[in-house]
There are 2 protein chains.
Amino acid sequence: MQAVNVSEKLARFTEYWAPKIVGEVNDCYVKLVKLESEFVWHQHEREDELFFVLNGVLRMCLRVNGRTREELVRAGEFIIVPHGTEHLPVADEEVHVMLFELKTTLNTGNVRDERTRAALDTI
Amino acid sequence: MQAVNVSEKLARFTEYWAPKIVGEVNDCYVKLVKLESEFVWHQHEREDELFFVLNGVLRMCLRVNGRTREELVRAGEFIIVPHGTEHLPVADEEVHVMLFELKTTLNTGNVRDERTRAALDTI
């Protein structure tokens with residue numbers, strides 16, 4: 001039960017798109033992730049995801065009812081992507097994000113590719 | 001599915017110790033709360049609580065195995081108080097906190113007093 005300094009944790013890793021676990025709250029994890037460039041369109045069948053932007057601007061592309069739109073999420077803002085919603089996180093420049101999501105959440109959701117991280121480090 | 005600006009939401013209320021719901025992620029709420037002075041010793045039987053400090057310094061008093069200690073949580077830091085842990089949040093000066101916790105979490109936990117907020121506003 002100690003205070004966790006988010007900046008200090010962010011300084012511990014450099015890899016992009018590889019979430020690190022920094023906390024556990026009931027059935028959820030708190031994760032930190034660094035983003036750069038474009039991820040992959042995916043969705044989570046059962047899990048909502050919260051993206052709280054710490055640094056930079058996250059461009060979240062969303063596909064709803066067959067239409068694509070995007071939402072800019074700046075530092076100090078968050079967006080919640082409900083389960084079943086196709087989304088594509090894009091970082092035109094480096095972005096740092098704190099995630100709150102169920103422990104079962106896989107970063108690439110329904111997609112499996114070289115960016116899938118099934119086992120996450122706790123830092 | 002829109003970006004939520006935390007500062008903008010904080011500007012919408014002034015009352016202390018009255019959490020406001022600003023998001024829903026699976027079985028959890030994201031809440032904002034403003035703190036000033038001392039709360040009440042309490043615990044949550046089943047719910048862990050995450051306190052992410054946005055502004056100010058939260059002094060979290062904790063009672064573990066009969067011994068009391070305190071942890072300072074500064075802006076950009078969080079602390080997770082596990083269920084079953086007696087805690088007393090103290091704000092020597094005004095503190096703004098983002099909470100992440102199960103929807104069932106009552107602010108005063110096992111205590112009922114004039115600060116208990118059973119029904120929370122969504123802002």
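Keep in mind the model is a prediction, meaning the values are calculated, not measured. In this numbering scheme, every chain counts its residues from 1 along its sequence in written order. Going through the entries in the order they are written, you letter the chains from A and number the ligands from 1. Local features are withheld for residues below a pLDDT of 70 in this predicted model, meaning they are given only at 70 or higher, and side-chain atom pairs are given and counted only at 80 or more; totals for whole chains, interfaces and linings count all residues. With hydrogens and water stripped out, all remaining heavy atoms of the structure feed into the side-chain values.

## A word on the pairing of strand β2 (residues 20-25) of chain B
Residue and element names in this part refer to chain B.
Then comes step 1: Of all six residues in β2, five are buried; the element is thus mostly enclosed.
Then comes step 2: Here, any two strands with at least 2 DSSP bridges between them count as paired. Under the DSSP-based scheme used, a helix requires at least four consecutive residues in state H or I and a strand at least two consecutive residues in state E, with every element numbered from the N terminus. Two elements, β2 and strand β3 (residues 28-38), share five bridges in a ladder whose sense is antiparallel. For valine 25, the partnering residue across the bridge sits in β3 and is cysteine 28.
Then comes step 3: Counting the residues between successive antiparallel strands, the hairpin from β2 to β3 contains two residues, one of them, asparagine 26, with a positive phi of roughly 50 degrees. The classification of residues rests on relative accessible area computed with a 1.4 Å probe and restricted to protein chains. Under 20% of the type maximum is buried, over 50% is exposed, and intermediate values are partly exposed.

## Concerning unusual backbone geometry
Then comes step 1: If you check the backbone angles, A:Asn26 has positive phi at about 50 degrees while not being a glycine.
Then comes step 2: A:Asn26 gets classed as buried once you look at its relative accessible area, which sits at 17%.
Then comes step 3: One non-glycine residue, B:Trp17, lies in positive phi territory at about 60 degrees.
Then comes step 4: Turning to its location among the elements, B:Trp17 is positioned in the loop between α1 (6-10) and β2.

## Some words on the packing of aromatic side chains
Then comes step 1: Any two rings among Phe, Tyr and Trp, with Trp reduced to its six-membered ring, count as a pair given centres within 6.5 Å; such a pair is stacked if its planes are under 30 degrees apart, edge-to-face if over 60, and tilted if neither. Under the definition given, this model contains four aromatic pairs over all chains.
Then comes step 2: Between the aromatic rings of A:Phe52 and B:Phe52, the centroid separation amounts to 5.7 Å while the plane-to-plane angle is 70 degrees, which identifies the pairing as edge-to-face. Of the two residues, A:Phe52 is situated in strand β4 (residues 49-55) and B:Phe52 in strand β4 (residues 49-55); the pairing between them involves two chains.
Then comes step 3: Using a relative accessible area of 4% as the deciding quantity, one classes A:Phe52 as buried.
Then comes step 4: Note on B:Trp17 and B:Phe39: the rings are 4.4 Å apart at their centroids and 15 degrees apart in plane angle, and the pair reads as stacked. Taken together, the residues B:Trp17 in the loop between α1 and β2 and B:Phe39 in the loop between β3 and β4 connect sequence positions 22 residues apart. In this structure, B:Trp17 and B:Phe39 share a single accessibility class: buried.

## Here's the deal with the nonpolar core
Then comes step 1: Among the nonpolar cores identified, the biggest contains 34 residues, and A:Phe52, A:Phe78, A:Met98, B:Phe52, B:Phe78 and B:Met98 are the most heavily contacted of them.
Then comes step 2: Any pair of residues with heavy atoms lying within 4.5 Å of one another is described as a contacting pair. Not counting residues within four places of it along the chain, the set of residues in contact with B:Phe52 comprises A:Val6, A:Phe52, A:Leu54, A:Met98, B:Gly76, B:Glu77, B:Phe78, B:His96, B:Val97 and B:Met98. Here, the term nonpolar core denotes a set of buried Ala, Val, Leu, Ile, Met, Phe, Trp, Tyr and Cys residues that are joined through side-chain atoms within 4.5 Å.

## Thoughts on the environment of B:Ala91
All names here are of chain B.
Then comes step 1: Here alanine 91 is to be found in strand β8 (residues 86-102).
Then comes step 2: When the C-alpha positions of alanine 91 and lysine 34 are compared, they lie 9.3 Å apart, and in sequence the two are 57 residues distant.
Then comes step 3: Setting aside residues up to four positions removed in sequence, alanine 91 forms contacts with Leu35, Glu36 and Ser37.

## A word on the interface of chain A and chain B
Then comes step 1: On the side of chain B, 38 residues touch chain A, which itself brings 38 residues to the contact.
Then comes step 2: The buried area of a pairing is the accessible area, by a 1.4 Å probe, that goes missing from both parts when the two are put together, added over both. Taken over both partners, the interface formed by chain A and chain B buries close to 2,900 Å², and the fraction arising from carbon and sulfur atoms is 65%.
Then comes step 3: If you sort the residues of chain A by the area they bury against chain B, A:Met1, A:Asn26 and A:Phe78 come out on top, with a joint share of 27%.
Then comes step 4: Salt bridges are counted wherever a side-chain nitrogen of Lys or Arg sits within 4 Å of a carboxyl oxygen of Asp or Glu. At the boundary of chain A and chain B, one finds zero salt bridges.

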